[in-house]
Amino acid sequence: MTILNKVISGEKKSPPPIWLMRQAGRYLPEYRQVRSEAGSFLNLCYSPKLASKVTLQPIDRFDFDAAIIFADILLIIENLGFKLDFNEKKGPVIKNCLINGKLDIKYLEVNKSSLISIGETISLTRGKLEKNKSLIGFCGGPWTVSTYIINGGTTNSYKNCIQWAHNNYEYFMEIINLLVEVSSEYLIMQVQAGADIIKIFDTWSGVLNKKDFNDWVIEPTYQIVKNVKEKFPDVKIIGFPKNAGYFYEDYIRGTCVDAVAIDPDIDMLYCQNTLQKMSVIQGNVSPEILRTGGSAMKNDIIKTLDAFSDYSFIMGLGHGVLKDTPVDHVSQFVDIVRKYERR
Ligand code: CP3
């Protein structure tokens, strides 16, 4: 079993295992090199050789305990007939998004071909990765992925999206259910190809009220977890309902995930006293602090380790590494964690 798998199964490790969201990315010069060779972000995602190469770059440089497969949560929407593009400035752009257009059920025809190459990336990477390191596969939470299908990109206001969902409830639930189905199949394929941990990213779950959070985040995630575990009972699943606040408890109870990743905004004492007693947690130094570095970063890392080391814990960030993060800060982060001794 890998170190990360042992910790998610409840073993305590001191110092804890480390990996970071977006550990492969633009802050690394070797990533920028391969990215420019690939020509576009999507070409990179769909090229198993290059995607595997960038997946392993942060492991070679920082010796993290896990690699996360290089892809994106939005690739799956191409399987439902949506046209995905990544713009240097705006990020993801979906031209045939639903908010401006007519509802057209023909978009919801499933075509699985575009994700086959991700399986190849996974087997290539597993072959090269040390046996004690985990390979993390992932998908987006159906709610978060649906916001991109509806809005056509990232927005500052999810009110429009929530309203659209309520105004077109049946169609919206059809999208959610379809995303549950294709995401489950996608994750099962990833485990078959060699992923030993799965993470479900629900980045925009923090904008929902309790009922919508239950119906659009918890219930669909529970279905995905159930589908994957029916095939692979031993695979470990990490959930990330970012900014869910006090709903983290409902999420842990309702989804049956094995671990939860927590964001930097959540109250630390609440996590320690409540969430850590319910689940293994992964957290949660802020990406801004990593970018700042120096004593601010050091203090935050120590504070996090002091708070969470009584239980099995995975060390990481509360969200992804920012693109202007100095590479040295990441080396220092790993160094501080690996030298940590419980006071
Ligand atoms: O190292 C890893 O974490 C694995 C690869 C990975 C990427 N995206 C690569 C990526 C993972 C796990 C994701 C998840 C993802 N993608 C999420 C959920 C996690 C989160 O960050 O909240 C979301 C919401 C997306 C959608 C997405 N992809 C956006 C909004 C953007 C643009 C903003 C940005 O950060 O650039 C992307 C692009 C993207 N995904 C990049 C990378 C490395 C940058 C693209 C580039 O190199 O040009």
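Since this is a predicted model, take the numbers as computed values, not measurements.

(A) Region of interest: the pairing of strand 5 (residues 197–201). By the criterion of burial, strand 5 is predominantly enclosed, with 5 of the 5 residues buried. Taking every second residue as pointing to the same face, both faces of strand 5 are buried, with Ile197, Lys199 and Phe201 on one and Ile198 and Ile200 on the other. Here 5 bridges tie strand 4 (residues 134–140) to strand 5, and the two strands are oriented parallel to one another. Its bridge partner being in strand 5, Cys139 is matched across the sheet by Ile200. Pairing analysis gives 5 bridges linking strand 5 to strand 6 (residues 236–240), with the strands arranged parallel. Bridge pairing in strand 6 places Ile197 opposite Lys236. Crossover connection from strand 5 via helix 9 (residues 210–231) to parallel strand 6: handedness right-handed.

(B) Geometry of the site of the ligand. Taken together, 24 residues surround the ligand, and among them Arg22, Arg26, Tyr31, Asp72 and His319 come closest. Contact distances for the ligand include 2.7 Å between an oxygen atom and a side-chain N or O atom of Thr203. The contact in question runs from an oxygen atom of the ligand to an N or O atom on the side chain of His319, over 2.6 Å. Here the ligand, which alone exposes 870 Å², has 88% of that area covered by the protein. Those elements that place two or more of their residues in the shell around the ligand are helix 2 (29–38) and strand 3 (91–94). Partitioned by chemical class, the residues of the shell around the ligand number 15 nonpolar, 5 polar and 4 charged.

(C) Representation of the packing of helix 4 (residues 48–62) against helix 5 (residues 116–128). Closest axis-to-axis distance for the helix 4/helix 5 pair is 8 Å, and the angle between their directions is 45°. Judged by the inter-axis angle, helix 4 sits oblique to helix 5. Seen along the crossing, helix 4 lies across helix 5 with a hand that is right-handed. Each of Pro48, Lys49, Ala51, Ser52, Thr55 and Leu56 in helix 4 lies in contact with helix 5, whose residues at this interface are Ser117, Glu120, Thr121, Leu124, Thr125 and Lys128. For the contact of helix 4 with helix 5, the class distribution of residues is 4 nonpolar, 5 polar and 3 charged.

(D) The side chain of Asp196, seen in detail. Mapped onto the elements of the fold, Asp196 is located in the loop between helix 8 (169–193) and strand 5. Assessed through its relative accessible area of 15%, Asp196 is described here as buried. Reaching out from Asp196, the side chain makes a polar contact with the side chain of Asn5 at a distance of 2.7 Å. There is a polar contact of 3.3 Å between the side chain of Asp196 and the side chain of Arg126.

(E) Spotlight on helix 6 (residues 142–151). In terms of burial, helix 6 is largely enclosed, as 10 of its 10 residues are buried. The complete set of buried residues in helix 6 reads Pro142, Trp143, Thr144, Val145, Ser146, Thr147, Tyr148, Ile149, Ile150 and Asn151. Tucked inside the fold, the buried residues of helix 6 contact strand 3, strand 4, helix 7 (159–167), helix 8, strand 5 and helix 9. Looking one or two residues past helix 6, Gly152 carries a phi angle of roughly 85°, positive in sign.

(F) Summary view of the environment of Leu98. For Leu98, the position within the fold is in the loop between strand 3 and helix 5. Sequence separation of Leu98 and Cys161 is 63 residues, and the distance between their C-alpha atoms is 9.8 Å.

(G) Up close: the sheet that holds strand 9 (residues 313–317). Within the open sheet, the 7 strands sit side by side as 1-4-5-6-7-8-9. Their pairing is parallel. Strands at the two margins of the open sheet, each flanked by one partner only, are strand 1 (66–68) and strand 9. Here the average twist between neighbouring strands, direction ignored, is 25°. Its contacts with the sheet place helix 10 (residues 247–255) against strand 6 and strand 7 (259–261), and it is angled at close to 150° to strand 7.

(H) Summary view of the packing of aromatic side chains. This structure, assessed with the given rule, holds 16 aromatic pairs. Ring geometry for Phe62 and Phe64: centres 5.3 Å apart, planes at 45°, overall tilted. Accessibility classification places Phe62 together with Phe64 in one group, the buried group. A centroid spacing of 5.1 Å and a plane angle of 35° characterise the contact between Phe308 and Phe313, whose relative ring orientation is tilted. For Phe308, a relative accessible area of 0% gives the class buried. Among the aromatic residues, those joined into a ring-pair cluster are Tyr31, Phe41, Phe70 and Phe86. Its guanidinium or amino end placed over the ring of Phe240, Lys199 lies 4.9 Å from that ring's centre, counting from NZ or CZ.

(I) Layout of the pattern of salt bridges. Using the criterion set out here, one finds 16 salt bridges in the structure. With its nearest N and O atoms 3.7 Å apart, the salt bridge here joins Lys83 to Glu78. Between Lys303 and Asp300 there is a salt bridge; the shortest N-O distance is 3.9 Å. Taken together, the residues span about one helical turn, with Lys303 and Asp300 both in helix 13 (residues 294–308) at a distance of 3 residues. A cluster of three or more residues bridged by salt bridges with shared partners is formed by Asp63, Asp65, Lys133 and Arg338.

Cut-offs applied
Residues numbered from 1 in each chain as written. Predicted model: local features only at pLDDT ≥ 70, side-chain atom pairs only at ≥ 80, totals over all residues. Heavy atoms only, no water. Buried < 20%, exposed > 50% of the residue type's maximum accessible area, 1.4 Å probe, protein only. Helix = DSSP H or I, 4+ residues; strand = E, 2+ residues; numbered from the N terminus. Pairing = 2+ DSSP bridges. Right-handed = clockwise from strand over helix to strand, strands pointing away. Near = heavy atom within 4 Å. Polar contact = N/O pair within 3.5 Å; in protein donor to acceptor, adjacent residues only side chain to side chain. Areas by Shrake-Rupley, 256 points an atom, 1.4 Å probe, with all protein chains shown as cover. Nonpolar A, V, L, I, M, F, W, Y, C, P; charged D, E, K, R; others polar. Axes fitted to C-alpha atoms, helices over the stretch in contact; angles between N-to-C directions. Parallel < 35°, antiparallel > 145°, perpendicular 65-115°, else oblique. Left-handed = near helix turned anticlockwise from the far one by under 90°. Contact = heavy atoms within 4.5 Å. Phe/Tyr/Trp six-rings, centres within 6.5 Å; stacked < 30°, edge-to-face > 60°. Lys NZ or Arg CZ within 6 Å of the ring centre and 35° of its normal. Salt bridge = Lys/Arg side-chain N within 4 Å of Asp/Glu carboxyl O.

Shape descriptors only; they carry no functional weight alone.
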